[in-house]
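Residue strings, one per chain:
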Amino acid sequence: MTLSDDWFTELCTESGSAFSLKVKQKLHEEQTPYQHIAIYETEFFGTLMVIDGFIMLSDFDNFLYHEMMSHPALFTHPGPEKVVIIGGGDCGTLREVLKHSEVKQAVQVDIDERVTRLSEQFFPELCEANDDPRAELLFADGIQWVKNAAPASVDLIIVDSTDPIGPAEGLFSAAFYRDCFEALGEDGILVHQSESPLIHQPLIRNIRNAMGSAGFTQLLTINFPQPVYPSGWWSATLAGKREPLTTFRERASREKPFATRYYNHGIHLAAMATPEFWKERDRR
Ligand code: SAM
């Protein structure tokens, strides 16, 4: 549905709401074996990537999401050397991960190579770390990849997935989280983008319950703004095996040697604060 030909509109049926961006032109459109991908040039938000009608990212605000999917977890793990990104084909999360010098290997496993090829073409700044010798780009089903991973071989798994429909549905299941649990070492952390804290509380509850039943004893849902996603407010849920996830390498975060546009020590602390209405979710 469009307001008129020069607007892109994403409908959010759960909240009976819609978000529109004025577009200058459609730059590209294709159907891959997995999904429909469209790229637009917008008037204010820069280039926009849409998968199956849902906004994935824009030039203007993707830094919020990519930084918050990576830095809080990386500064929480005591020594993250091996990182695996499931999904994340636009490569923005990979770029942030590789800012950490402790990381020795970062493997990105996206099911759809076309997302990465189009990102290289239309979002080159997100792909600027792709040639880093520590980076490995694989095009495969992340569910299968994690199932086959050697036990305790990974420090951090970041699930930068599309919504829980189509090929991403299984990424929200207890079975997948159990495989992540096995693949992670003792200090290992799993992070999954967990949708809007305002609209999707039932989904966040399901994600947390599924992570708990997979064996993770430590859970932490962090929140951050994301204007192009429904409600403009987004979350990521972290799961760990033993140490509370509210404790992180604060000094390293405060003195980080690389540039970010949103993440810093104060933002990390603030993102962990729990709004009153979330407590209802956790009581159920
Ligand atoms: N930031 C985005 C969001 O929350 O809307 C997600 C961006 S990223 C482009 C999502 C990626 O997940 C897509 O490139 C898609 O191909 C990938 N994906 C979906 N299901 C997958 C699976 N089972 N294994 C690996 N990648 C998957």
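Refer to the structure above for everything that follows.
Per-chain numbering applies: the sequence of each chain, read as written, is numbered from 1 onward. In keeping with the model being predicted, local features are shown solely for residues with a pLDDT of at least 70 and side-chain atom pairs are shown and tallied solely at 80 or more, while totals for entire chains, interfaces and linings include all residues. Side-chain numbers here rest on the full set of heavy atoms in the structure, without hydrogens or water.

(A) How the structure looks around the pairing of strand β2 (residues 17-31). At least two DSSP bridges between two strands are needed for those strands to be called paired. We count a stretch as a helix when DSSP gives it H or I for four or more residues in a row; a strand needs E for two or more, and each element gets its number in order from the N terminus. As judged from the 6 bridges shared by strand β1 (residues 7-12) and β2, these two strands associate in the antiparallel manner. Its bridge partner lying in β2, threonine 9 is registered against serine 20. In this structure, the hairpin formed by β1 and β2 is closed by a connection of 4 residues, where glycine 16 is found at a positive phi of approximately 55 degrees. Where β2 and strand β3 (residues 36-42) come together, 7 bridges link them in antiparallel fashion. Across the sheet, residue glutamate 30 finds its bridge partner in β3, namely isoleucine 37.

(B) Structural context of the site of the ligand. To be near a molecule or strand, a residue needs just one of its heavy atoms within 4 Å of it. In the region of the ligand, 24 residues are neighbours, and Gln35, Asp110, Gly142, Pro167 and Tyr229 sit closest. Think of a polar contact as two N or O atoms within 3.5 Å of one another; within protein, one of them needs to be a possible hydrogen donor and the other a possible acceptor, and neighboring residues in sequence only count if both atoms come from side chains. Within the side chain of aspartate 141, an N or O atom sits 3.0 Å from a nitrogen atom of the ligand. Glycine 142 is positioned such that a nitrogen or oxygen atom in its backbone is 2.9 Å from a nitrogen atom of the ligand. When the ligand sits alone it has 590 Å² of accessible area, and the protein chains cover 99% of it. Here the ligand is seated within the largest pocket. Elements supplying a minimum of two residues to the shell around the ligand: β5 (54-58) and β7 (105-110). Each accessible area is a Shrake-Rupley estimate made with a 1.4 Å probe; only the visible protein chains count as cover when residues are assessed. Using protein atoms alone on a 1 Å grid, points that fit a 1.4 Å probe yet trap it form a cavity, whereas open point sets bounded by protein on both sides within 12 Å along at least five of seven lines form a pocket; residues with an atom within 4 Å of a point count as lining. Occupancy of a cavity or pocket is assigned to a molecule whenever over half of its atoms lie within 2 Å of that pocket's grid points.

(C) Structural context of the sheet that holds strand β12 (residues 233-240). With respect to topology, 7 strands assemble into an open sheet ordered β8-β7-β6-β9-β10-β12-β11, the strand pairing being mixed. At either end of the open sheet lies a strand with only one pairing partner, and these are β8 (135-139) and β11 (218-225). The mean inter-strand angle of the sheet, taken between neighbouring strand axes irrespective of direction, is 15 degrees. Pairing between β7 and β8: 5 bridges, direction parallel. Along β8, the bridge assignment pairs glutamine 108 with leucine 137. Two residues form a contact once any of their heavy atoms are found within 4.5 Å. Throughout, an axis means a line fitted to C-alpha atoms (over the contacting stretch in the case of helices), and angles, computed between N-to-C directions, take values from 0 to 180 degrees. Set on the sheet, helix α1 (residues 62-76) makes contact with β6 (82-87), β9 (154-160), β10 (184-193), β11 and β12; between it and β9 the angle comes to about 160 degrees.

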